[in-house]
Amino acid sequence: MTQLAEPAVGVTTPAARVHHWIGGQLVEGASGRTGPVYDPATGRVARHVDLASADEVGAAVAAAKAAFPAWRATSISKRTEILFNIRNLVAERRHELAALLTAEHGKVPSDALGEIARGLENLEFACGVPQLIKGQYSEQASTGVDVYQIRQPLGVVAGITPFNFPAMVPMWMFANAIACGNTFLLKPSEKDPSAALFLAELLRDAGVPAGVFNVVQGDKVAVDAILEHPDIKAISFVGSTPIARYIYETGTANGKRVQALGGAKNHMVVLPDADVQMAADAAVSAAYGSAGERCMAISVVVAVGDVAEPLVDAIQERLPRIKVGPGTDPQAEMGPLVTREHRDRVASFIERARAQGATVVADGRDHPLFRDSEGFFLGVSLVDRVTPDMDSYCTEIFGPVLEVVRVDSYPEAVRLVNENPYGNGTAIFTRDGGAARQFQFEVEAGMVGINVPIPVPVAYYSFGGWKASLFGDLHMYGPEGIQFYTRGKVVTSRWPDPGSSSVDLGFPRTR
Ligand code: NAD
């Protein structure tokens with residue numbers, strides 16, 4: 001594992017408390033409540049995180065509100081310069097940040113660096129804010145009258161993020177939010193809270209003024225305070241579907257703009273003409289990377305027709321070569337799961353699938369680290385002959401369990417995907433361009449891969465699912481992120497032309 005070049009926030013001592021970041025400095029929690037932060041590779045509590053009270057959320061909102069007028073008045077060129085600085089600092093310090101992700105999330109360093117690389121893309125996109133925030137201008141809309149639209153920031157906006165991408169998902173949000181002139185309040189997952197503080201320090205070093213970026217650590221108490229606070233104008237959320245729905249319903253009922261991204265059950269359809277070896281490589285990478293704790297992980301392979309047998313064989317053949325281990329082991333490709341509770345829940349689905357008639361081809365509980373380690377390890381599982389009525393199919397497992405549903409035809413495969421309540425990502429593997437195009441046309445999901453298993457859009461497009469995978473109108477980051485974090489103002493202007501004015505009570509006409 002990459003050594004820490006210098007002490008990083010929150011990991012300097014094993015028992016350090018993880019605090020808030022308010023008004024440009026670390027602020028110790030005052031609520032008296034803390035939560036445990038585990039090292040998933042050892043199973044031990046590594047440190048504790050402060051859990052904010054509503055008053056502490058209020059203090060962070062007040063700091064963000066106080067910083068807003070000066071930040072929105074800061075020139076676009078100055079804000080852009082600061083964003084370039086942030087981008088460069090995150091790139092320079094990415095190994096330290098990756099080490100924090102490994103320490104608290106458990107993902108292996110290569111995966112952690114990949115997460116940061118995708119976050120950096122968002123910072124790079126936001127560096128283009130001078131172009132992105134440009135308005136529109138219509139000269140001579142009426143005689144002597146010009147009409148133009150400008151886009152202005154909303155004010156204080158909040159981001160509530162999940163455990164599985166503690167660096168990237170905050171960057172999805174705050175890069176565009178602050179580029180557009182908003183001030184930001186981040187409530188990271190309490191399971192891996194230190195990355196947020198590390199980012200806060202980098203932002204300060206990059207020249208972000210105090211109060212523009214704040215971090216409040218916490219749980220439901222902090223989230224509810226955010227949902228209710230009258231000075232928060234918009235909320236971006238990423239997490240599980242039940243919480244996403246709650247955030248959307250409560251936030252909008254309180255008059256806020258909300259985008260709430262939820263869970264997923266991503267299907268990869270493999271047609272009989274697909275390159276089986278390529279499809280097997282893709283399925284294994286997309287199902288087990290990051291221990292399956294990705295919202296874009298492939299959790300279901302839909303094998304069409306006679307591809308099923310060779311495909312399951314090809315996937316099975318690859319499984320013994322996957323090296324499971326702690327992020328400190330340079331050979332490890334897949335780390336532990338985030339908590340013991342989550343690991344055990346994931347493992348329970350293997351048994352349930354077997355009891356309901358599926359064939360367990362590989363059982364992650366057979367891995368020695370599952371049995372012998374105190375860490376939250378689970379080996380990879382492959383479950384064949386799953387049917388849509390089984391519990392393991394109906395639930396987002398969010399772990400290293402890949403299920404195979406066998407169907408007879410392409411229409412049956414598409415129906416299966418479309419009838420699933422989630423619609424985050426999906427993929428098709430085929431050599432038939434016409435079939436791929438038809439799939440793209442009719443499949444009900446927000447992100448589609450054609451021979452690409454994890455079609456996470458690059459930062460100059462936007463990320464979002466359909467159905468129960470997203471509540472709200474706008475997808476996250478990219479152009480739709482700019483739209484989310486700004487509101488339009490249309491100005492109709494006429495300069496005095498002596499002698500041309502008269503009283504007219506009619507509705508304004510443009511001719
Ligand atoms: P989660 O829903 O448990 O938590 C997300 C955030 O909500 C955290 O900050 C947490 O503190 C807060 N929270 C949790 N319970 C709450 C409650 N009862 N009331 C208010 N706030 C609450 O999600 P997670 O386990 O951290 O992350 C995994 C989930 O996130 C998976 O379902 C995954 O699919 C989803 N996810 C989705 C995307 C996407 O882009 N659609 C991306 C990453 C993760």
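Refer to the structure printed above.
An account of the accompanying structure is given in this report.

1. Quick look at the sheet that holds strand β5 (residues 44-50)
What the three strands build is an open sheet, ordered β1-β5-β4; its pairing is mixed. If you trace the sheet from one side to the other, it starts and ends with β1 (17-18) and β4 (34-39), each paired once. Here β4 runs beside β5; their pairing, made up of six bridges, is antiparallel. Bridged to V37 within β5 is R47.

2. Details of the packing of helix α2 (residues 76-92) against helix α4 (residues 109-126)
Between α2 and α4, whose axes approach to 9 Å, the crossing angle comes to 165°. Classified by the interaxial angle, the pair formed by α2 and α4 is roughly antiparallel. α2 and α4 meet at a crossing whose hand is left-handed. For the pair α2 and α4, the contacting residues are L83, I86, R87, V90 and A91 in the first and I116, L120, L123, E124 and A126 in the second. Residues of the contact of α2 with α4, tallied by class, amount to eight nonpolar, no polar and two charged.

3. Looking at the site of the ligand
As a matter of local geometry, the ligand sits amid 26 residues, with K187, E190, S240, G262 and E396 nearest to it. With respect to the ligand, the backbone of T161 contributes an N or O atom lying 2.8 Å from an oxygen atom. One nitrogen or oxygen atom from the side chain of K187 is found 2.7 Å from an oxygen atom belonging to the ligand. Look at the ligand: alone it shows 840 Å² of surface, and the protein chains cover 88% of it. Contributing elements (two or more residues each) for the shell around the ligand: α8 (220-228) and β11 (232-238). Residue composition of the shell around the ligand, grouped by class: 14 nonpolar, eight polar and four charged.

4. As for the nonpolar core
In terms of nonpolar packing, the biggest core is built from 71 residues, with I86, V90, W172 and F184 touching the most fellow members. In terms of residue count, the dominant contributor to this core is helix α6 (residues 168-179) (10 residues). In contact with W172, other than residues within four places in its own chain, are N122, V238, L261, F463, M476 and Y477. Core analysis: the next-biggest nonpolar cluster, separate from the first, contains 67 residues, A280, Y288, V417 and A436 among them.

5. Quick word on helix α16 (residues 433-442)
Among all positions in α16, only A435, A436 and F439 are buried. Seen from one end, α16 has its buried residues packed into an arc of 100°, which puts them on one side. Of the residues in α16, the exposed ones pointing more than 90 degrees away from the buried face are G433, G434, R437 and F441. In this structure, the buried side of α16 is in contact with β13 (266-270), α15 (410-419), β19 (425-429) and β20 (447-450).

6. Let's talk about the pattern of salt bridges
Under the counting rule described, the total for this entry stands at 27 salt bridges. Close ionic contact of E309 with R406 constitutes a salt bridge, the shortest N to O distance being 2.9 Å. Here E309, found in helix α11 (residues 308-318), pairs with R406, found in strand β17 (residues 401-407); they are 97 residues apart in sequence, far enough to count as distant. Taking the relative accessible area as the measure of exposure, R406 reaches 24% and is therefore partly exposed. Each of E309, D384, R385 and R406 takes part in one network of salt bridges that share partners.

7. Some thoughts on the packing of aromatic side chains
Scanning the entire structure with this criterion turns up 12 aromatic pairs. Geometrically, the ring pair formed by F174 and F184 is edge-to-face, given 6.3 Å between the ring centres and 65° between the ring planes. Placement of F174 in helix α6 and of F184 in strand β9 (residues 183-187) is noted, with a sequence separation of 10 residues between them. Given a relative accessible area of 0%, F174 falls into the buried group. Measuring from ring centre to ring centre gives 6.0 Å for F184 and F213, while their planes differ by 5°; the resulting arrangement is stacked. Separated by 29 residues along the polypeptide, F184 in strand β9 and F213 in strand β10 (residues 213-215) bring together distant segments of the chain. Taken together, the ring pairs in this structure connect W172, F463 and Y477 into an aromatic cluster.

Thresholds, definitions, all that
- Residues numbered from 1 in each chain as written.
- Predicted model: local features only at pLDDT ≥ 70, side-chain atom pairs only at ≥ 80, totals over all residues.
- Heavy atoms only, no water.
- Pairing = 2+ DSSP bridges.
- Helix = DSSP H or I, 4+ residues; strand = E, 2+ residues; numbered from the N terminus.
- Axes fitted to C-alpha atoms, helices over the stretch in contact; angles between N-to-C directions.
- Parallel < 35°, antiparallel > 145°, perpendicular 65-115°, else oblique.
- Left-handed = near helix turned anticlockwise from the far one by under 90°.
- Contact = heavy atoms within 4.5 Å.
- Nonpolar A, V, L, I, M, F, W, Y, C, P; charged D, E, K, R; others polar.
- Near = heavy atom within 4 Å.
- Polar contact = N/O pair within 3.5 Å; in protein donor to acceptor, adjacent residues only side chain to side chain.
- Areas by Shrake-Rupley, 256 points an atom, 1.4 Å probe, with all protein chains shown as cover.
- Core = buried A, V, L, I, M, F, W, Y, C linked by side-chain atoms within 4.5 Å.
- Buried < 20%, exposed > 50% of the residue type's maximum accessible area, 1.4 Å probe, protein only.
- Arc of directions from axis to C-beta.
- Salt bridge = Lys/Arg side-chain N within 4 Å of Asp/Glu carboxyl O.
- Phe/Tyr/Trp six-rings, centres within 6.5 Å; stacked < 30°, edge-to-face > 60°.

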